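Chains, contacts and geometry: an overview
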Number of protein chains: 2
Amino acid sequence: MHMMDTPLLLTSFLNRAERFFHSKKIYSRTSATTIHEFTYKDYVKRTRRLADALTKLGMKQGMKVGTYAWNHHRHLEAYFAVPCAGAVLHMINIRLSPEHIAYVINHAEDEILLIDDNLVPLIAPIVSQLKTVKHFIIMGDAVAVETLPIPNALSYEALLAEADEHFTFPEDLDENTPAGMCYTSATTGMPKGVVYTHRSIVLHSLAAGLADSIAICESDVVLPVVPMFHANAWGLPFASVAFGSTQVLPGPMFTPQLLLELFDVYKVTLTAGVPTIWLGVLQEQRQNPRDLSSMRLIVCGGSASPLGLVRGFEQELNIPYMTGYGMTETSPLVSLSTYLTHMQDYTDDEKMNVRITQGMTMPLIDTRIVNENGEVPWDGKTMGELTIRGPWIANAYYQDERTEEAFKDGWLYTGDIAVMTTDGYIKITDRTKDLIKSGGEWISSVELENALMSHPKVFEAAVIAIPHEKWLERPLACVVAKPEFKDSITKEELLESLQQQFHKTWIPDDIVFIDEVPKTSVGKFLKAKLREDLKEYRIQV
Amino acid sequence: MHMMDTPLLLTSFLNRAERFFHSKKIYSRTSATTIHEFTYKDYVKRTRRLADALTKLGMKQGMKVGTYAWNHHRHLEAYFAVPCAGAVLHMINIRLSPEHIAYVINHAEDEILLIDDNLVPLIAPIVSQLKTVKHFIIMGDAVAVETLPIPNALSYEALLAEADEHFTFPEDLDENTPAGMCYTSATTGMPKGVVYTHRSIVLHSLAAGLADSIAICESDVVLPVVPMFHANAWGLPFASVAFGSTQVLPGPMFTPQLLLELFDVYKVTLTAGVPTIWLGVLQEQRQNPRDLSSMRLIVCGGSASPLGLVRGFEQELNIPYMTGYGMTETSPLVSLSTYLTHMQDYTDDEKMNVRITQGMTMPLIDTRIVNENGEVPWDGKTMGELTIRGPWIANAYYQDERTEEAFKDGWLYTGDIAVMTTDGYIKITDRTKDLIKSGGEWISSVELENALMSHPKVFEAAVIAIPHEKWLERPLACVVAKPEFKDSITKEELLESLQQQFHKTWIPDDIVFIDEVPKTSVGKFLKAKLREDLKEYRIQV
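First things first, this report covers the structure right here in the doc.

Conventions and cut-offs
- Residues numbered from 1 in each chain as written.
- Chains lettered and ligands numbered in written order.
- Predicted model: local features only at pLDDT ≥ 70, side-chain atom pairs only at ≥ 80, totals over all residues.
- Heavy atoms only, no water.
- Disulfide = S-S within 2.5 Å.
- Buried < 20%, exposed > 50% of the residue type's maximum accessible area, 1.4 Å probe, protein only.
- Core = buried A, V, L, I, M, F, W, Y, C linked by side-chain atoms within 4.5 Å.
- Contact = heavy atoms within 4.5 Å.
- Helix = DSSP H or I, 4+ residues; strand = E, 2+ residues; numbered from the N terminus.
- Pairing = 2+ DSSP bridges.
- Axes fitted to C-alpha atoms, helices over the stretch in contact; angles between N-to-C directions.
- Least-squares fit on C-alpha atoms with pLDDT ≥ 70 in both.

**Some thoughts on the state of the cysteines**
- Evaluation of the coordinates by the stated rule reveals zero disulfides over all chains.
- In this structure C217(A) is not part of a disulfide, and its nearest cysteine sulfur, from C217(B), lies 13 Å away.
- Looking at C217(A), the relative accessible area reads 10%, which means it is buried.
- No disulfide involves C300(A); its sulfur sits 19 Å from the nearest other cysteine sulfur, which is in C182(A).
- Among the residues examined, C300(A) registers a relative accessible area of 1% and is labelled buried.

Structure below.
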């Protein structure tokens, strides 16, 4: 050996926070009226206590410990206590159906569950179906475990009170030791599990600290709106501890009003979430503006951001709004719509066209958009499937036969259809299954949706394929009007607006007005449901 | 496996530059009047050609290929062509003595040498002593190999002209494969070799891109003054390729005047070098100012920066001047004097006191200052030896028995005496061997030197220990006056100035005026030489 074989472990981040950032703060909203405020010093002490308490309950290296919780300080304690002790943190998506929740806990073989007190009603009904769980630990400010509908439940705070704040974590773990896991919804069947390792999370965190990515740093005040049960809250909690950022965890409620209040009061500099959140925040800020002068970056992912939304933040509020691409299988950060040097001279419109892409691929990650001829040209036009590889990309689903559908020849096949711009920026045009194939041509439902959602009267829009005798498929637009335009909006004005932007073959054959777009548990459009709802629909000729 | 086992290879940086940064520029000054300008696209092509040419000459995985060269584009080509092909780039310090040069080439067993045409006169006399070198390749714009005093020398450009620009690098190297090596001067005996791996260089490069470190990014224009034969030019060439920064390589000449011209003309944003360089640049800028408005950061290391120097850049020129700590054994970046959030409210003087420390330890790296009682308290006073560990820290000298002197219990013992500030910033007070032990108390020669060098009439100052009957050792100050004060400077005024800043036990017993401070091949004060020169000196009582 020539260089020290120091393993890449989350423990080094925790030790670093304890050593250098002990006076920095973490704010955690545990209810509508309660903010728990403490220092990193106390955070690390409590994290050691949690590890000690769980170890006394039987936690061992490799054991799965599930969390069923919102974004708060206790969840953050589990984020490090479990993996640093060598066990595996299974972050359960609380929005899954009861059937799926039971499945993922059983499939992961969770032996301990940490559950928010206000989420107990969602777990209690399925407790009898859980085959491997030995301990239920309830997190909350004042938990009366004996009154809960879960037998033998333990109180998180009572356990911590009796535990040792000097618990020491092993420093000789292999860096490929599993550290965390998340399940992702499948189009059909049960959710699929992804296992993260210490190495993958450490490298992903470093990538999030790069000046050319999100640039998380010590002076940041980070508020993750994206849930900690959703793709590691995009890695923000891990990176925040690594770099000593102040953290603001919004707890169970994140209405636009509450978020704006937190942004203002805590002088938040960096936040991240899905477009639906930012649509609401933008509207609220227009009506009841708060001071957002501290905000240096909003990161948006999960689904494409409509142009109007990006413009609202970047041009109207003067807050950089960076879109990105990622998925549970990719830790999740893969690409970000940063500006390259030559884009600094772009017009506002040109800049917005960069921001609505999914951006440039991060260091150490490879992306290729491929069709039957191999990698597609970087022309912003030729569509293909996005494939990804790199050290924080999964290479399998956890004990799942569906692995071979997505992982081939060392690449992850994402199921997303995209084009590559001339600068090498990824632009998602569709999911493979949502793509509209009309008369041999591919029509991007996402581009049509973005155009519709830029219309001043439209709140949301989803475009789906409907069967067509001649063209095989044709686009149908499903539109939710803004409340104030519900009665006045017309098909004709929307179609006319589209006709100015797209070739006539792309114009939807019809527009139907709906009350809301059905969504998945993580807020993505659930087009399969829409197609099902509208399967009897026939175009009026 | 759960995550892809993608190795951390320099190849991923080269591929990334080719894919995304092909239009970005590299400027290389190959002589006083010649600037070679080309794109990353052509850079990568030439790098592939070089790898092909070397492979045809017999380069294999694991083979050592030496470079004996200044900072220019051909050296940068070798920086990637050799390691990406699986061979090892040995960057030879051109300032070593002929005896040491012959030693390091023989000890590393270099089989191919790449030599600057203007440095041939330094190598030619020792060619007959080189036991393993099979090919001498001469780098230059117009090389007539047949006229050179090295038999059978080959022309770099002629080899590239015949090579394949589509040469493909292996992508399945183990990330612990040796990639580069540098030798560092020893206090006694021959230089000691350090071997870097792909993994260590990749992680070090990511660290250099962090927002809280040097933050190298795509929009940077990077000019490394630190030589590419000195501790990897502090990693700047690797990181610049990784992040697609514009590069300006200054070639064989870097007078203050030429550097300032390059800073101005190419709008350099980031540069790095030793204090001696910056002293010269500051003086020249005061006399013949150039436009430095593009400069966002000067990184300084190698030895401590006097307060007056830091103040000159930060307060007078308004350019952030960040000191750091590193050594050949540490890749080299270990710590940087970044400002933490709570320091943003510091007064100018308090901020300068941060900048003259060696700064805060980087992520993934552990530092401890230890004495016989273990880690010293963080009080800014208690001295101990700086020890370091982490994934880009060496764990051995290359085939060298002196390994066990420096590497113990998983830590590198640096031989530097330091204190830790209350914020956890490292402040070097001395080399173990330069520390002055007076009557049981340790006196820091570095602090006295910094105080002297802040005096308006002083250019440089070195403080050494001289034997003393009662106190065992006492400090003696050796001072170089600024030319304009050579005749007017007095011992008395310097001593008076020191008396205002230090306890009387620290005040040097005498001051001698010298013409220059002897320096090592990398510009550090050579106090051993000074002690030798002054060994007959006795204090006049």
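Having seen the structure, we can now continue with the description.
**Examining the nonpolar core**
- Core analysis: the biggest nonpolar cluster contains 325 residues, and Y43(A), F80(A), W278(A), Y43(B), F80(B) and W278(B) have the highest contact counts within it.
- Those residues in contact with Y43(B) that sit more than four places away from it in its chain are L14(B), I26(B), F38(B), L76(B), E77(B), F80(B) and V241(B).

**Some thoughts on the side chain of S337(B)**
Residue and element names in this part refer to chain B.
- Its place among the elements puts S337 in the loop between β15 (333-336) and α12 (348-355).
- According to the relative accessible area criterion, S337 is buried, its value standing at 0%.
- Those residues in contact with S337 that sit more than four places away from it in its chain are M322, T323, V354, R355, T357, Q358, G359 and Y425.

**Some details on the sheet that holds strand β6 (residues 135-139) of chain B**
Residues and elements named next belong to chain B.
- Ordered in space as β7-β6-β5-β3-β4-β8-β9, the seven strands form an open sheet in which the pairing is mixed. Two strands lie at the open edges of the sheet, namely β7 (154-155) and β9 (192-197), each paired on one side alone.
- As judged from the five bridges shared by strand β5 (residues 110-116) and β6, these two strands associate in the parallel manner. Of the residues in β6, the one forming a bridge with I115 is I138.
- Helix-sheet contacts for helix α3 (residues 73-84) involve β3 (64-68), β4 (88-91), β5, β6 and β8 (178-184), and the interaxial angle to β4 is about 145°.

**Let's talk about the relation of the copies chain A and chain B**
- Note on the identical chains: chain A maps onto chain B by a rotation of 180° and an axial translation of 0.0 Å, with an RMSD of 0.1 Å. Such values leave the two copies arranged in the relation of a two-fold axis.
- A high fraction, 100%, of the interface residues of chain A reappear at the interface in chain B, so the copies pair face to face through one surface.

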